[in-house]
Amino acid sequence: MKEPLIINIQKCSIHDGPGIRTTVFFKGCPLECLWCHNPESQNYCMDFMYDREKCSTCGTCIEKCKSNAVYFENDSIGRTAEKCELCGECIDWCLGNARELVGKSYTVEELAKEIEKDSMFYDESGGGVTLSGGEVMCQDIDYIEKLIKRCNSKGISVAIDTCGYAPRSNYERIYDKVDLFLYDIKLADDVKHRQFTGKSNEMILDNLRYLSSVGANINIRIPLIEGVNVSENNEEVLKIINILNDVRVKYVNLLPYHDIMMNKYNKLGMEYCGSEFSKPSEEKLEEIKGLFEKGNFKVKIGG
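Residues numbered from 1 in each chain as written. Predicted model: local features only at pLDDT ≥ 70, side-chain atom pairs only at ≥ 80, totals over all residues. Heavy atoms only, no water.

A. Fine view of the nonpolar core. If you look at the biggest cluster of nonpolar residues, it comprises 72 residues, and the most contacted ones within it are F26, L111, L131, I220 and F292. Here the element with the most residues in this core is helix α5 (residues 141–153); it accounts for six residues. Core analysis: the second largest hydrophobic core is formed by 10 residues, F48, C61, A69 and V70 among them. (Core = buried A, V, L, I, M, F, W, Y, C linked by side-chain atoms within 4.5 Å. Buried < 20%, exposed > 50% of the residue type's maximum accessible area, 1.4 Å probe, protein only. Helix = DSSP H or I, 4+ residues; strand = E, 2+ residues; numbered from the N terminus.)

As structure tokens, then:
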């Protein structure tokens with residue numbers, strides 16, 4: 001059983017399902033969404049982040065790097081990725097906390113203990129744990145099933161936040177042990193889906209239909225992005241509504257685009273490919289909300 005990497009365990013979350021929740025962010029995702037808000041979650045391996053604004057360029061990291069991967073670069077510190085062993089030595093000596101390794105492995109027991117620490121809040125608020133990502137359903141399914149069973153045994157409600165692009169067999173393994181699926185639908189048009197996420201949406205829609213057929217509790221989450229799925233004639237939105245009319249879904253969360261993740265791309269040394277995207281106007285958001293409400297969906301703008 002392979003232990004996945006975790007990038008964050010967010011306590012007291014109120015946007016990833018009902019009540020007060022602990023959201024666990026797994027590392028690794030099969031999609032390549034051009035607007036990705038968590039670029040540090042894309043790779044399945046450990047990543048390195050460097051915050052130039054916090055760096056004093058004292059050079060201690062250069063002295064301590066055993067693989068000679070760190071060097072002065074103009075007014076900041078550079079790193080040769082091919083040489084870097086991700087040992088964390090430079091991070092231990094960085095007084096400004098400018099350097100960070102992203103991704104930590106947990107055994108099922110270790111992660112379960114972290115989740116169980118806030119059981120009192122779950123009980124009082126009707127909350128629980130949300131397994132998110134990256135994409136949790138693309139992790140070792142033996143690990144995920146064992147973790148979910150552990151939560152079930154402790155009376156902790158489990159939600160899965162998923163993009164739907166994962167093997168059907170993985171959903172078959174755990175659907176009856178999960179209280180809620182937060183299911184992302186980004187685009188209805190397959191050509192556009194490939195253009196903006198790098199993958200077809202065929203598997204995503206098939207898995208949605210499967211979960212609906214077995215009676216899973218599903219909330220749909222739709223990122224709304226000008227230049228991607230928001231247009232004057234609402235073509236993509238209407239196509240999504242038509243898809244949802246054929247499945248057992250009542251609740252829809254509309255998630256307006258934001259670019260507050262830009263600093264993460266800078267820290268990772270990655271280029272952000274969504275600079276032309278923008279948030280829909282408040283009027284457009286209300287218009288789209290009204291379209292879903294006409295389809296008898298219960299709609300909320302935001303998480």
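B. Structural detail: the sheet that holds strand β11 (residues 218–224). Read from one edge to the other, the open sheet built from nine strands follows the order β7-β1-β2-β8-β9-β10-β11-β12-β13, with strand pairing classed as mixed. At either end of the open sheet lies a strand with only one pairing partner, and these are β7 (104–105) and β13 (298–301). Alignment of strand β2 (residues 21–26) against strand β8 (residues 128–132), held across five bridges, turns out to be parallel. Bridge assignment links T23 to a residue of β8, and that residue is T130. Strand contacts of α5: β2, β8 and β9 (157–162), with the helix running at about 150° to β9, the strand carrying the most contacts. Packing of helix α11 (residues 282–294) onto the sheet brings it into contact with β11, β12 (251–256) and β13, and relative to β13 it is tilted by some 165°. (Pairing = 2+ DSSP bridges. Contact = heavy atoms within 4.5 Å. Axes fitted to C-alpha atoms, helices over the stretch in contact; angles between N-to-C directions.)

C. Examining helix α3 (residues 108–116) more closely. Looking at α3, one finds that the buried residues are V108, L111, A112, I115 and E116. Summarising the axial view, the buried residues of α3 lie within an arc of 135°, below the 170-degree limit, and thus occupy one face. On its buried face, α3 is in contact with β1 (5–13), β2, α4 (119–125), β8 and α5. (Arc of directions from axis to C-beta.)

D. Structural context of unusual backbone geometry. Cis geometry marks the peptide bond from G133 to G134, where omega comes out at 15°. Mapped onto the fold, G134 is located in the loop between β8 and α5. At N74, a position not held by glycine, the phi torsion is positive, near 55°. Along the chain, the position of N74 falls in the loop between β4 (70–73) and β5 (76–79). For N97, which is not glycine, the phi torsion reads 50° and is therefore positive. Examined against the element boundaries, N97 turns out to sit in the loop between α2 (89–92) and β6 (99–102). Judged by its relative accessible area of 56%, N97 is exposed.

E. Layout of the side chain of T22. Position of T22 among the secondary structure elements: in strand β2. A polar contact is formed between the side chain of T22 and the side chain of Y122, at a distance of 2.6 Å. Those residues in contact with T22 that sit more than four places away from it in its chain are I9, Q10, K11, D118, Y122, G128, V129 and T130. (Polar contact = N/O pair within 3.5 Å; in protein donor to acceptor, adjacent residues only side chain to side chain.)

F. Structural context of the environment of R79. Along the chain, R79 turns up in strand β5. For R79, a relative accessible area of 27% puts it in the partly exposed group. Once the C-alpha coordinates of R79 and Q139 are considered, the two residues, 60 residues apart in sequence, prove to be 29 Å apart. Setting aside anything within four residues of it in sequence, one finds R79 in contact with F48, A69, Y71, C84, L86 and R99.

G. Molecular detail of the packing of aromatic side chains. Summed over all chains, the structure comprises seven aromatic pairs. Through a chain of ring-to-ring contacts, the aromatic side chains of W35, F196, Y257 and F277 assemble into a single cluster. Taking the ring centre of W93 as reference, the NZ or CZ of K64 above it sits at 3.8 Å. (Phe/Tyr/Trp six-rings, centres within 6.5 Å; stacked < 30°, edge-to-face > 60°. Lys NZ or Arg CZ within 6 Å of the ring centre and 35° of its normal.)

H. The arrangement of the pattern of salt bridges in detail. Enumeration according to the criterion identifies 23 salt bridges in this entry. Of the charged contacts, one joins K264 and E40 as a salt bridge, the two residues approaching to 3.0 Å between their closest N and O atoms. Here the residue K264 occupies a position in helix α10 (residues 262–268), and E40 occupies one in the loop between β2 and β3 (47–50), the gap between them amounting to 224 residues. Judged by its relative accessible area of 25%, K264 falls in the partly exposed class. Classification of E40 by relative accessible area gives buried; the value is 10%. Measuring nitrogen to oxygen at the nearest pair gives 3.3 Å for the salt bridge that ties D176 to K177. The structure contains a network of salt bridges with shared partners spanning D142, E145, K149, R173, D176 and K177. (Salt bridge = Lys/Arg side-chain N within 4 Å of Asp/Glu carboxyl O.)

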